[in-house]
Every structure is written in structure tokens, then in C-alpha cells.
Amino acid sequence: MPDDMVEAHLKGVRNAIAAGWRALSRGGSAVDAVEEAVVVMEDDDTFDAGRGSFLNRDGKVQLDALIMEGSTLRAGGVGGVERIANPVRAARKILSESPHVYFVGEGAERFAAEHGMALCKNEDLVVTREVERLREYQAHKEEHRADLFAPTDSHDTVGAVALDRDGNIAAATSTGGTLNKAPGRLGDSSLIGCGCYADNQTAAASLTGWGEPIMKLVLAKWATDRVATGNLPEWAAAEAIDYLKTRVNGHGGIILLDAKGRFGIAHNTPRMAWAFKTMTNEASGVER
Ligand code: ASP
């Protein structure tokens, strides 16, 4: 995250926390809270989710999102959608209204439209900053390393975890994926257990980072399982990021929360914007 983007990221995560908290204060569920928090970040051009996302090799926005409910293990996911401004809302509709768990591409868009969501044009999701970023990347491709997370390029997948008054937890993750990705490439973010997972009996997790290494480790499930075996979320989060680095040389970050309200935030990138709020405490930052 470049220095000149720090304030925008902090503002974005604080707005997201406020939206999630509002949902909980109204008596909403943890699923409502993570949905509302993620929508705020999808709508914020700062992040690589919704409008303002990285562009794929063809200059298009292709979005992935997952939302999961820890009490029932119900989940909803969309992959590779091009005409949905808030993919987490479509994912929520799948969770709540479909016997299926995951929809991709046109089928996901059709599902969303049939369930009352307005579809947008792909151009509506494209911002000038990203057109220029893609142009610059493609012009100097050979100078860029394969792992964009090792250098200081910004990656801004968004995610949220929440615990509600009934003791239920939930997680959601939403992304535009990686810069210059091949059309149709799906990352970890929307895959169950990779970039997102929630189970009341273990924990709720959301991850960011280079998707391919995270996927190979099924890292969200790995981290939540460690909570089930007695690790504090704070330790499990740090261990997950260590494991990502030592096992597959990956870079990224994780937020992890259990049903007792204990949480962990960890990353091995230079920065990762985060925010939390509890009944007694709140904070935000770009380093942990
Ligand atoms: N994990 C995302 C992906 O690989 C990228 C990110 O977190 O920024 O699609």
C-alpha cells in the first residue's frame, strides 16, 4: 500500500466497521454485518473489490465473492462476474435463497437478476487509475515478478468477520482478483475454506494475498481448524501467515474471529488495512 493511499484505506475500513456495527446494533445477524461491511468496501474505489478493482488481461473487471454463516455452514459464492457491482449481495442471495452454494459467470449474473438485483455494465466498474495501472504493467511486464505481493504493489481484496448477539459468527470476502489475471482465473477469495470460512465450532476467517499459494493450503480452513484444537485466534492467525510463507513462499494477511469474540489479525505484507470494534474497544491501522 503506497503512502499516499494509507488515509483512503483507513477511512474505508472504518466506514466498513461502522456499517457492520450498525447492522448488529439493529439486531442483525453476523451474516448481515459482514455483508454490509463488505458492501461499503466494494463501493469504495480504493479497494480491489467492486468498482475500482484490478483489471484482467483484457481490461475487464471480473469479480469473486463468498459469504458464509457459521451456525448453519450455509454459504453463497460467485466467481468471475462482470456485471454485478456488489458481488457480496449476490453471494448473500445465494446463501439465503438457493439450494446451491456457488455460481459462476453468466449463470451467477442471471441468478442475481432473477433475484431482483440490477446488473451494471462492466465499464461502470472500471476506473481510470486501474486502466493506467494495467497499461503500465503490460508495458513493463518482463520487469514485474510473478509474485506481486513480495514487492510493494497494492492488493486490496476486502473481507469481514463478525459475531452477533446470538453467538453466531460469519465471514465474507470480495475481490477483483489480481492485476492482469487471465480471463476466467479464479483466486482463493471466493473458494470455501481458502479465502473465507466460518463455522461456529471453530472460527470465521477472511484472507487477502496472492491467491494461488493460499488456495493450495486451503488456508482459511487450516486457520479455523487450529482454533478448534485450542489455539487462540491471535496465535492461529500468526501461524497461518507463517505457514503460508514457509510452505509456499506466499504473502498475505488474515482476520480470524471465534464465537467467544477472540480475534487475530496477521499479515506478512508491509501493510494491511484493518479495523475492529467490540462493545468496549475499537481501533484501526495499516500494520499489525
Ligand atoms: N486473494 C486475491 C486473489 O488472488 C487477491 C487479493 O487478496 O488481493 O484473487
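Coordinates for the structure precede this section.
Below is a summary of the structure that appears in this document. (Residues numbered from 1 in each chain as written. Predicted model: local features only at pLDDT ≥ 70, side-chain atom pairs only at ≥ 80, totals over all residues. Heavy atoms only, no water.)

### Regarding the pattern of salt bridges
- For the structure shown, the criterion picks out 17 salt bridges.
- Glutamate 212 is paired through a salt bridge with arginine 185; the nearest N and O atoms lie 2.9 Å apart. Highlighted residues: glutamate 212 in helix H6 (residues 211–217) and arginine 185 in the loop between strand E5 (169–175) and strand E6 (196–198), separated in sequence by 27 residues.
- The class for glutamate 212 is partly exposed, based on a relative accessible area of 26%. (Salt bridge = Lys/Arg side-chain N within 4 Å of Asp/Glu carboxyl O. Helix = DSSP H or I, 4+ residues; strand = E, 2+ residues; numbered from the N terminus. Buried < 20%, exposed > 50% of the residue type's maximum accessible area, 1.4 Å probe, protein only.)

### Some thoughts on unusual backbone geometry
- Positive phi is not limited to glycine here, since leucine 73 has a value of about 65 degrees.
- Assessed through its relative accessible area of 42%, leucine 73 is described here as partly exposed.
- Positive phi outside glycine occurs at asparagine 249, with the angle close to 55 degrees.
- Summarising the element assignment, asparagine 249 is placed in the loop between helix H8 (233–248) and strand E8 (252–257).

### Description of the sheet that holds strand E2 (residues 75–81)
- Taken together, the five strands give an open sheet; going across it, the order is E3-E2-E1-E5-E4, and neighbouring strands pair in mixed fashion. Edge positions in the sheet fall to strand E3 (102–104) and strand E4 (158–163), since each has one partner strand and no second. Within this sheet the neighbouring strands show an average axis-to-axis angle of 5 degrees, counted without direction.
- Looking at chain direction, strand E1 (residues 63–69) and E5 are connected through six bridges and run antiparallel. For aspartate 64, the partnering residue across the bridge sits in E5 and is threonine 175. (Pairing = 2+ DSSP bridges. Axes fitted to C-alpha atoms, helices over the stretch in contact; angles between N-to-C directions.)

### Quick look at the nonpolar core
- Grouped together as the largest cluster of nonpolar side chains are 29 residues, with contacts concentrated most on Val34 and Ile67.
- Among the elements of the structure, helix H1 (6–25), helix H2 (30–43), helix H3 (87–97), E4 and E5 are those that each provide at least two residues to this core.
- Every residue in contact with valine 34, bar those within four places of it in the chain, is listed here: Ile67, Ala160, Val161, Ala162, Ala170, Ala171 and Ala172.
- In this structure, Ala236, Ile241, Leu256 and Leu257 belong to the second largest nonpolar core, which totals 27 residues. (Core = buried A, V, L, I, M, F, W, Y, C linked by side-chain atoms within 4.5 Å. Contact = heavy atoms within 4.5 Å.)

### Some thoughts on the sheet that holds strand E7 (residues 204–209)
- Read from one edge to the other, the open sheet built from four strands follows the order E6-E7-E8-E9, with strand pairing classed as antiparallel. Two strands close off the open sheet at either side, each with one partner strand: E6 and strand E9 (263–267). Sheet twist, expressed as the average angle between the axes of neighbouring strands with direction ignored, equals 5 degrees.
- With three bridges connecting them, E6 and E7 associate as antiparallel partners.

### Some details on the packing of H1 against H2
- Close contact between H1 and H2 brings their axes to 8 Å; oriented N to C, the two are set at 150 degrees. Taken together, H1 and H2 sit at an angle that is classed as roughly antiparallel. Crossing handedness for the pair H1 and H2: right-handed. Contact residues: Gly12, Val13, Asn15, Ala16, Ala19, Gly20, Ala23 and Leu24 in H1; Ala30, Asp32, Ala33, Glu36, Ala37, Val40 and Met41 in H2.
- For the contact of H1 with H2, the residue count by class is 10 nonpolar, three polar and two charged. (Parallel < 35°, antiparallel > 145°, perpendicular 65-115°, else oblique. Left-handed = near helix turned anticlockwise from the far one by under 90°. Nonpolar A, V, L, I, M, F, W, Y, C, P; charged D, E, K, R; others polar.)

By themselves these figures say nothing about function.
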